[in-house]
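# Summary of structural features
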Amino acid sequence: MNVDYKEAFEKTKEAGSIAAGALDEVNKIIKPGISTGQIDMLCYEYINDHGAYSAPLFYRGFPKSCCTSTNHVVCHGIPSEKILKEGDIVNVDVTALKNGWHGDTSRTFKVGNVSIKAEKLVQATYESMMKAIGIIKDGIHLGDIGSTIQSYVEKEGFSVVQDFCGHGIGKTFHKEPNVLHYGEKGTGEIIKTGMIFTIEPMINYGNYETKTLNDGWTAVTKDKSLSAQFEHTIGVTKDGCEIFTKSEKIIK
């Protein structure tokens with residue numbers, strides 16, 4: 001490993017571990033009756049207490065420290081006084097900025113007992129991300145990632161959101177390359193050792209189409225079907241990849 005990206009990997013992992021820790025804390029409080037605003041405050045305080053900054057706060061005008069996307073909200077949901085109910089699913093997306101480097105991750109949490117269809121959607125979304133991470137190594141194409149995710153979730157009967165994608169990350173929050181979660185094997189940019197980017201599939205129970213609400217942020221499914229998402233920040237190695245936002249704890 002050359003010095004350049006050894007430092008990048010170490011710094012990103014430091015930020016990523018804080019982001020993962022914030023989601024571990026969210027996992028402890030997730031239950032019917034809490035508000036998405038409480039989740040936001042918890043993430044803000046945890047990240048701040050660990051010497052980092054919540055990168056989404058004021059990013060391009062975003063008003064909160066994390067995104068909370070409930071049920072048919074695909075991504076970029078704004079935390080509020082909204083109370084979570086039994087059976088909801090909510091994606092919490094956090095990014096810690098530590099010593100100039102970003103670590104970006106999200107999980108979809110189940111609130112109490114959820115429906116069988118919600119359970120299947122959440123599980124398939126997580127599996128699609130991990131299957132894509134499992135193929136990553138120097139020399140594959142970006143399209144291989146999208147193809148792996150799309151073929152798996154469509155086989156499960158779900159659809160892949162096409163309006164949002166993963167992204168390069170490091171000292172900059174969002175940069176090249178764009179990492180699509182759909183596509184054809186053998187197409188797109190060739191992945192190289194040392195690259196750092198996110199994989200964050202958004203998977204819908206119904207149609208893949210989305211629309212953005214009047215607040216300019218909240219993206220929802222057009223058909224109001226459920227949507228789930230998981231995200232990791234990874235670094236490409238010669239023979240695989242390293243997950244920088246891995247939790248040591250069990251995901252609920």
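In this text, all values refer to a predicted model and were calculated from it rather than measured experimentally.

## Concerning the pairing of strand β2 (residues 67-70)
Every regular strand shows the same layout, with side chains that alternate between the two sheet faces. Here β2 shows two buried faces, one formed by Cys67 and Ser69 and the other by Thr68 and Thr70. Across four bridges, the pairing between β2 and strand β4 (residues 89-98) is antiparallel. Paired with Cys67 across the two strands is Asp93, which belongs to β4.

## Notes on the pattern of salt bridges
Under the definition given, this model contains five salt bridges. Between Lys28 and Glu25 there is a salt bridge, with its nearest N and O atoms 2.9 Å apart. Placement of the pair is Lys28 and Glu25 together in helix α1 (residues 3-29), with a separation of three residues, close to one helical turn. Between Asp88 and Lys85 there is a salt bridge, with the nearest N and O atoms lying 3.9 Å from each other. Residue class for Lys85 comes out partly exposed when judged on its relative accessible area of 48%.

## Some thoughts on the packing of aromatic side chains
Applying the stated criterion to the full structure yields six aromatic pairs. When the centroid spacing of 5.0 Å and the interplanar angle of 80 degrees are considered together, the rings of Phe62 and Trp217 count as edge-to-face. Here Phe62 is found in the loop between β1 (53-54) and β2, whereas its partner Trp217 is found in the loop between β11 (210-212) and β12 (219-221), with 155 residues between them in sequence. By relative accessible area, which is 2% here, Phe62 ends up buried. Here Tyr126 and Phe230 contribute two aromatic rings whose centre-to-centre distance is 5.2 Å and whose plane-to-plane angle is 70 degrees, an arrangement assigned as edge-to-face. Placement of Tyr126 in helix α3 (residues 116-135) and of Phe230 in the loop between β13 (227-229) and β14 (232-236) is noted, with a sequence separation of 104 residues between them. Its relative accessible area of 3% is what places Phe230 among the buried residues. We note Lys117 situated over the ring of Tyr205; from NZ or CZ to the ring centre the distance is 4.9 Å.

## A word on the side chain of Thr245
One can find Thr245 in the segment after β15 (241-243). Residue classification places Thr245 among the buried residues on the basis of a relative accessible area of 1%. For Thr245, the side chain forms a polar contact with the side chain of His232, separated by 2.8 Å. Polar contacts involving the side chain of Thr245 include one to the main-chain amide nitrogen of Thr233, which spans 3.0 Å. Non-local contacts of Thr245, meaning those with residues more than four positions away in its chain, are made with Gly16, Ala20, Gly103, Asp104, Thr105, Glu231, His232 and Thr233.

Parameters and conventions
Residue numbers run consecutively from 1 along every chain, following the written order of its sequence. Predicted model: local features are reported for residues with pLDDT of at least 70 only, side-chain atom pairs are reported and counted for 80 or more only, and whole-chain, interface and lining totals are derived from all residues. Side-chain metrics in this entry use all non-hydrogen atoms of the structure; hydrogen atoms and water are not considered. We call a residue buried when its accessible area falls under 20% of the maximum for its residue type, exposed when it is over 50%, and partly exposed in between, using a 1.4 Å probe and counting protein chains only. The helix and strand labels rest on DSSP assignments: H or I over at least four residues marks a helix, E over at least two residues marks a strand, and numbering proceeds from the N terminus. Pairing between strands requires that DSSP locate at least two bridges from one strand to the other. What makes a salt bridge here is a side-chain nitrogen of Lys or Arg within 4 Å of a carboxyl oxygen of Asp or Glu, nothing more. Paired rings are identified among Phe, Tyr and Trp, the last through its six-membered ring, by centres lying within 6.5 Å, and are further divided according to the angle between planes into stacked (under 30 degrees), edge-to-face (over 60) and tilted (the rest). The criterion for a charge sitting over a ring is simple: Lys NZ or Arg CZ within 6 Å of the ring centre, and within 35 degrees of the ring normal. Distance and chemistry together define a polar contact, namely a pair of N or O atoms within 3.5 Å, with one atom able to donate a hydrogen and the other to accept it when in protein, and with adjacent residues in sequence counting only for side-chain atoms on both sides. Any two residues whose heavy atoms approach within 4.5 Å are treated as being in contact.

By themselves, these figures tell us nothing about what the structure is for.
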